[in-house]
Amino acid sequence: LSSRVREPRRERSQPKAQEEEVMLLEWDEFAAKAEEMARRNPLHTRYVVKYKHAEGKMTLKATDNEECFTYKTNQASDLKKMEKLNRIMSAVMARGGDVDLDALEDQQAQGKGKGKR
């Protein structure tokens, strides 16, 4: 048996820009800031939804490594709002910051955006 001494774990280097997490208490403010962030920099924006069933709490987080916005709720009424924001964020991140959401919704309503069957 060899008695090797474990070296202390090396610290990861800090990113160049430290993000500052901002907890927003109003849904409309969070949704507006998250959409603005995604439109400004869609390739670097991350959007995370975390749900804790045991506590009945949902946390939404949007970040681009410069800014970080967080919204927490335990209200079931916020679920519909979250679904709408998910559609917006998905469209903006997939199609770019200048995507026309109204035209996209019209296209989907007409059945043109569903792909092959």
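Residues numbered from 1 in each chain as written. Predicted model: local features only at pLDDT ≥ 70, side-chain atom pairs only at ≥ 80, totals over all residues. Heavy atoms only, no water.

Colleague: Just checking my understanding: could you explain the pairing of strand β4 (residues 67-73) for this structure?
Modeller: A regular strand places its side chains so that they alternate between the two faces of the sheet. With five of seven residues buried, β4 lies mostly within the body of the structure. Here strand β3 (residues 57-63) runs beside β4; their pairing, made up of six bridges, is antiparallel. Following the sheet pairing, Ala62 is matched in β4 by Phe69. Between β3 and β4, which pair antiparallel in sequence order, lie three residues; one of them, Asn65, sits at a positive phi of approximately 70°. (Buried < 20%, exposed > 50% of the residue type's maximum accessible area, 1.4 Å probe, protein only. Helix = DSSP H or I, 4+ residues; strand = E, 2+ residues; numbered from the N terminus. Pairing = 2+ DSSP bridges.)

Colleague: Even after reading the chapter, I still don't get helix α1 (residues 27-40), so can you show me in this structure?
Modeller: Because an α-helix packs 3.6 residues into every turn, residues spaced three or four apart end up facing the same way. Here α1 spans 20 Å end to end across 14 residues, near enough to the 20 Å set by a 1.5 Å rise per residue. Listed as buried for α1 are Trp27, Phe30, Ala31, Ala34, Met37 and Ala38. Seen along its axis, α1 keeps its buried residues to an arc of 135°; they face one direction. (Expected span 1.5 Å × (residues − 1). Arc of directions from axis to C-beta.)

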